[in-house]
Structure formats: C-alpha cells, structure tokens
Amino acid sequence: MIEVQRKLRQLRRQLYGLRAFVPGWGRRHKLEAMVGPLGFWDQLQRYQLQAATHLGLRQHHTLLDIGCGPLQGGIAFIRYLEPGRYVGVDYHPAAIETGHEEVSRQKLTGKNPRLLVSHSFGDDQLAASSVDFIWMSQVLCYFDERTMHQLFEMVGRRLRHTGVMAGDILGPASDRSFLRDPLPPVHTPESLDALAQDHGLRVVAQGTLADFGYPKRLGLRNNILLRINHRSRAAS
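Undergrad: Which residues make up the sheet that holds strand β4 (residues 131-136), and what values do they have?
TA: The 7 strands are arranged β3-β2-β1-β4-β5-β7-β6 in an open sheet whose pairing can be described as mixed. The outermost strands of the open sheet, each flanked by one partner alone, are β3 (114-117) and β6 (201-208). With strand direction ignored, the average angle separating the axes of adjacent strands in the sheet is 20°. The pairing of strand β1 (residues 63-66) with β4 spans 3 bridges and is parallel. Along β4, the bridge assignment pairs Leu 64 with Ile 134. In the packing of helix α3 (residues 41-54) onto the sheet, contacts are made with β4 and β7 (224-230), and the angle to β4 comes to roughly 140°. Helix-sheet contacts for helix α5 (residues 93-105) involve β2 (86-90) and β3, and the interaxial angle to β3 is about 165°.

In structure tokens:
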C-alpha cells in the first residue's frame, strides 16, 4: 500500500511538473516544489494563518516562524502582522533567498520582515530578543530527542511568559509513505510533554490539522497540532 501511494505521488508530481512550462505558472510551481505537496499552496497558506490565529496569534505579536521555507505561510503572516513583527528562519539559503523574492513580488517590503539563514532556530541571530509566538509547521516530527531538547531550551528562554509555541507531529492515522530511512522517532503529546518539563514548558494536543482547515485530501491532515506554553502560565 505504501509503495502504491509513493508511485501515485510521483505520478502527480510529474503531471504537476508540466506547469513549469506554462506561462504564468512557472513561479508557483517553483515555490510548491520547494515545500510540497504540489497544488495546495493557497490552501496550506490559509491553514497556517487560521491555525496560528486560533491559537492566539494577534497582529501586534512578534512571530518566529521556524522552518519558514519560501514563505508558504510566511506571506500570510507578514500581511497579517504589524510591520517588523515577523521573523522567518530556515537552514536552506535557497529558501530564504526565494522568500526575499516573494516579499518583494508581493509588495510587502514595507512590513520589514526579517528572513534569516540559521542552524540554531534563529537563536544565534536574535540577540536578546523575545517573541510572543513561535510557529513550526511540519517540522517537529523529524527531530530526535536531542534536537527536541535543544529546541525546548531555546523556546524556554525566548518565548514570553504569555506566549505560545505551536507545531505538529505525526498522528496515529497520518500518512507515513513520504518518510525515508532512517525513520524519525515516534513522538506523542505525552512524550514531548515529558521532555518539555525539563525546560519549564507544557505540551497539550489541540486536535488534528484537519480541525484547523488543513486540506482533507492530504494524508498529513491527521497530524496532531500541539500548543506549547510556559508551565507556570499553564498552571496559573
């Protein structure tokens, strides 16, 4: 079954790849090919903003978008937030370069977003800055325990006391056919909450991505969206 799903995905990619040669579609195809899946850019952009605002993101907040890529969600966040409130980080220079191009194409340079190449979740570039909201879309499921501890340590220092971090992990019914060996570790809300305790954080499941507008045709709609807060806030 998994092999059939992979072959179907490859066929869809080949068919969608023809758009690269259609006038007016080449740019969109390049963007979608960098993050996948093909054909869902607008829907996934809407999902990210909808989920983040549901969990508490407001226009005056400072948002750190970790793994921002070529700004699939980032463009929606930049439009929504007040100027100077968006920071996107990714360890792929090509993604950040493309993100800068998109900001210019969308005429959003006046919003003064910061886009950074980083191998430390932005920690090395942010000086003493703190943030109100941290967003990580479809990134956490790839982290091993050591990397998760590094992330939570940074979040514990940089997330304001009233702030929120949000990200998703694979759920029991999530599509795993896209994974390659070595397989990433299996995370649950409970296992991540146990890790987060060491850094003064609490992890709580909020439902599946489909509950927040993720396209229902995609296998990752069954991923679990997590809300992470400072433990002292959650207990108060």
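Now that the structure has been shown, the text picks up again.
Undergrad: Could you give an account of helix α7 (residues 189-197), naming the residues involved and the relevant values?
TA: Along α7, the positions that sit buried rather than exposed are Pro 189, Leu 192, Asp 193, Leu 195 and Ala 196. The buried residues of α7 occupy an angular sector of 160° when projected down its axis, which confines them to one face.

Undergrad: Break down the environment of Leu 151 for me, citing the residues and quoting the values.
TA: Along the chain, the position of Leu 151 falls in helix α6 (residues 145-158). Residues Leu 151 and Asp 123, 28 residues apart in the sequence, show an inter-C-alpha distance of 9.5 Å. Not counting chain neighbours up to four residues away, the residues in contact with Leu 151 comprise Ile 66, Phe 121, Met 136, Leu 140, Phe 143 and Met 165.

Undergrad: Account for the packing of aromatic side chains, naming residues and giving values.
TA: With the rule as written, the count across this model stands at 4 aromatic pairs. Centroid distance Tyr 47 to Tyr 214: 5.1 Å. Interplanar angle 85°. Geometry classified as edge-to-face. Of this pair, Tyr 47 sits in helix α3 while Tyr 214 sits in the loop between β6 and β7, and the two are 167 residues apart along the sequence. Ring centres of Phe 121 and Phe 143 lie 5.8 Å apart, and the angle between their planes is 50°; on these two criteria the pair is classed as tilted. With a gap of 22 residues between them, Phe 121 in the loop between β3 and β4 and Phe 143 in the loop between β4 and α6 connect regions that are remote in the sequence. Among the residues examined, Phe 121 registers a relative accessible area of 15% and is labelled buried. According to the relative accessible area criterion, Phe 143 is buried, its value standing at 13%. Following the ring pairs from residue to residue traces out a cluster consisting of Tyr 47, Phe 77, Trp 135 and Tyr 214.

Reading the values: the criteria
- Residues numbered from 1 in each chain as written.
- Predicted model: local features only at pLDDT ≥ 70, side-chain atom pairs only at ≥ 80, totals over all residues.
- Heavy atoms only, no water.
- Pairing = 2+ DSSP bridges.
- Helix = DSSP H or I, 4+ residues; strand = E, 2+ residues; numbered from the N terminus.
- Axes fitted to C-alpha atoms, helices over the stretch in contact; angles between N-to-C directions.
- Contact = heavy atoms within 4.5 Å.
- Buried < 20%, exposed > 50% of the residue type's maximum accessible area, 1.4 Å probe, protein only.
- Arc of directions from axis to C-beta.
- Phe/Tyr/Trp six-rings, centres within 6.5 Å; stacked < 30°, edge-to-face > 60°.

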